[in-house]
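Secondary and tertiary structure notes
Each chain, letter by letter, is given below.
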Amino acid sequence: MKKRWYDYLWIASVLYLLLGFVNILFAWLGLLCFFIPLLISLIGGTKGYCNRYCGRGQLFGLLGGRFGLSRKKDIPGWMKSKAFRYGFLVFFFAMFFLMLWNTYLVFAGARDLREVVTLLWTFRLAWNWAYHGTLFHPGVAQFAFGFYSVMLTSTILGLVTMVLFKPRSWCVYCPMGTMTQLICKMKDPTRP
Amino acid sequence: MNTGTKRRRAVVDQTACVACGCCVKACPLQAIEIVRGVTARVNEEKCVGCGRCARECPASVIGIREVEA
Ligand code: SF4
Ligand code: SF4
Ligand code: SF4
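This write-up is about the structure you can find in this document. (Residues numbered from 1 in each chain as written. Chains lettered and ligands numbered in written order. Predicted model: local features only at pLDDT ≥ 70, side-chain atom pairs only at ≥ 80, totals over all residues. Heavy atoms only, no water.)

**Looking at the site of ligand 2**
Put simply, the rule reads: We call a residue near a given molecule or strand whenever any one of its heavy atoms falls within 4 Å of it. Residues are grouped as follows: nonpolar covers Ala, Val, Leu, Ile, Met, Phe, Trp, Tyr, Cys and Pro; charged covers Asp, Glu, Lys and Arg; every other residue, Gly included, is treated as polar.
With respect to spatial proximity, 14 residues lie near ligand 2, and among them C17, C20, G21, C23 and C57 of chain B are the closest. Considering only residue class, the shell around ligand 2 consists of 13 nonpolar, one polar and no charged.

**Considering the packing of helix α4 (residues 55–66) of chain A against helix α6 (residues 138–164) of chain A**
Residue and element names in this part refer to chain A. Just so we agree on the cut-off: Axis definition: a line fit to C-alpha positions, over the contact stretch in the case of helices; interaxial angles, taken between N-to-C directions, run 0 to 180 degrees. Only runs of H or I of at least four residues qualify as helices and only runs of E of at least two qualify as strands under DSSP, and these elements are numbered from the N terminus. By definition, any crossing whose near helix is turned counterclockwise from its far helix by less than a right angle is left-handed, and any crossing with a clockwise turn is right-handed. Contact criterion: two residues are considered in contact whenever any of their non-hydrogen atoms come within 4.5 Å of each other.
Relative orientation of the contacting elements α4 and α6 amounts to 35°, with a least axis distance of 10 Å. Note on packing geometry: the crossing formed by α4 with α6 is right-handed. Contacts from R56, F60, L63 and G64 in α4 reach M151, S154, T155, G158, L159 and M162 in α6. Taken together, the residues that form the contact of α4 with α6 break down as five nonpolar, four polar and one charged.

**A short note on the interface of chain A and chain B**
By a widely used convention, the size of an interface equals the accessible area lost when the partners come together. Stated precisely, the cut-off is as follows: Here the quantity called buried area is the total loss of accessible area, with a 1.4 Å probe, experienced by two parts when brought into contact, counted for both. Salt bridge, as used here, is a side-chain nitrogen of Lys or Arg placed within 4 Å of a carboxyl oxygen of Asp or Glu. Think of a polar contact as two N or O atoms within 3.5 Å of one another; within protein, one of them needs to be a possible hydrogen donor and the other a possible acceptor, and neighboring residues in sequence only count if both atoms come from side chains.
The partner chain B presents 23 residues to the 24 residues of chain A that form the contact. Across the chain A/chain B interface, buried area totals approximately 1,800 Å², and carbon plus sulfur atoms make up 48% of it. At the boundary of chain A and chain B, one finds one salt bridge. A salt bridge links R36 of chain B to D188 of chain A; the nearest nitrogen and oxygen atoms lie 2.8 Å apart. Counting across the chain A and chain B interface gives 14 residue pairs in polar contact (both at pLDDT 80 or more). Of all the secondary-structure elements, those providing two or more residues to the side of chain A that touches chain B are α3 (48–53), α5 (82–107), α7 (170–173) and α8 (175–187) of chain A.

**Concerning the environment of R114 of chain A**
Residues and elements named next belong to chain A. For clarity, the threshold we go by: Remark: exposure states derive from per-residue accessible area (1.4 Å probe, protein chains only) relative to the maximum for the residue type, with buried under 20%, exposed over 50%, and partly exposed in between.
Looking at where R114 falls in the secondary structure, it is placed in the loop between α5 and β1 (116–119). Residue class for R114 comes out partly exposed when judged on its relative accessible area of 33%. Separated by 46 residues in sequence, R114 and G68 have C-alpha atoms that sit 38 Å apart.

**A word on the layout of surface pockets**
Over the atoms rolls a probe the size of a water molecule, and in doing so it shows where empty space is left. All names here are of chain A. So the rule is basically this: Cavities and pockets are defined on a 1 Å grid built over the protein atoms alone: a cavity is a set of grid points where a 1.4 Å probe fits but cannot escape, while a pocket is an open set with protein on both sides within 12 Å along at least five of seven lines, and lining residues are those with an atom within 4 Å of any such point. Grid points are joined across faces, edges and corners, and a volume is the space filled by probe spheres set on the points.
For the second largest pocket, the calculated volume is near 720 Å³. In terms of lining residues, the second largest pocket is bounded by 38 residues, among which S13, C33, Y49, C54 and M151 are the most central. Elements with a minimum of two residues in the lining of the second largest pocket: α1 (9–22), α2 (32–44), α3, α4, α6, α7 and α8. The element that contributes the greatest number of residues to the lining of the second largest pocket is α1, accounting for seven residues.

**As for the nonpolar core**
Quick note on the threshold: In this description, a nonpolar core means a group of buried Ala, Val, Leu, Ile, Met, Phe, Trp, Tyr and Cys residues linked to one another through side-chain atoms lying within 4.5 Å.
Core analysis: the biggest nonpolar cluster contains 62 residues, and I24 and Y148 of chain A together with I62 of chain B have the highest contact counts within it. Broken down by element, the residue count for this core peaks at 10 residues, all from α6 of chain A.

**Brief notes about the site of ligand 1**
All names here are of chain A. Inclusion rule: Any molecule with more than half of its atoms within 2 Å of a cavity's or pocket's grid points is regarded as sitting in that cavity or pocket.
The environment of ligand 1 is formed by Y49, C50, C54, R56, R168, W170, C171, C174 and G177. Here ligand 1 is seated within the second largest pocket. For the shell around ligand 1, the secondary structure elements donating two or more residues are α3 and α7. Split by residue class, the shell around ligand 1 holds six nonpolar, one polar and two charged.

**Structural notes on the pattern of salt bridges**
Inspection of every chain in the model, using the stated rule, returns five salt bridges over all chains. Residue K166 of chain A pairs with D74 of chain A through a salt bridge whose shortest N-O separation is 3.9 Å. Highlighted residues: K166 of chain A in the loop between α6 and α7 and D74 of chain A in the loop between α4 and α5, separated in sequence by 92 residues. Under the relative-accessibility criterion, K166 of chain A is labelled buried at 5%. When the shortest N-O distance is used, the salt bridge between R8 of chain B and E66 of chain B registers 4.0 Å. In this pair, R8 of chain B is assigned in strand β1 (residues 6–12) and E66 of chain B in strand β4 (residues 62–68), connecting sequence segments 58 residues apart.

Right, dumping it as structure tokens:
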């Protein structure tokens, strides 16, 4: 099939991850992968973001498919169950709001900026080399560290399930994918 | 018309489909599409049952079945 410009958005995803090593403030750009899918599903009622524009999905497809970094086995049944998918969505958002709360504390001056990236909600990695001060409030940087943690964590989970199962296994339990499908289901005029 | 011959077709378990669209990209005949962001749907006329979509589907919810032609 003919390649379109949006088939190369995986490059943007790779760049995003690399930029986080250079200057953490670039992490703010990640909000695009948050609002664009939501808007497409809320306004258009489709999963157009997943189906076309998501560079992360493309990246897993490429690494697991073309580069063969995947066992291409079936994902276990429980991982595609509604309970797990919705449960992971709730967990992910709970962690997200915790991150927002921590950002708020820095904005409110109740806590100092922590120059760390937290992987898998557990492991804190010093990340001070990607922070060179900001013209803005330190809270702006705190959000960047927090958001980048979310993005890196989901990339790692996605890579692990890419290797173990099919290349795009992440798409089965990706919170954005689950949430946009949920929105589409609620908007579906033919919903039973 | 029932000719008595059997043809192979892709069948999607629509309750388990996550509407990611990987199958759409894999199909060489544009015989599968995502309907309103909810689930994938196979076009019975176009599908030849090659199974590419099934191999690609990350949730493995596509089966290739024999149906009456
Ligand atoms: S499910 Fe997630 S990773 Fe997969 S295409 Fe959709 S937004 Fe991208
Ligand atoms: S690849 Fe599988 S889960 Fe994704 S839309 Fe197609 S049938 Fe559904
Ligand atoms: S079986 Fe082949 S022709 Fe049919 S929908 Fe899947 S990829 Fe397309």
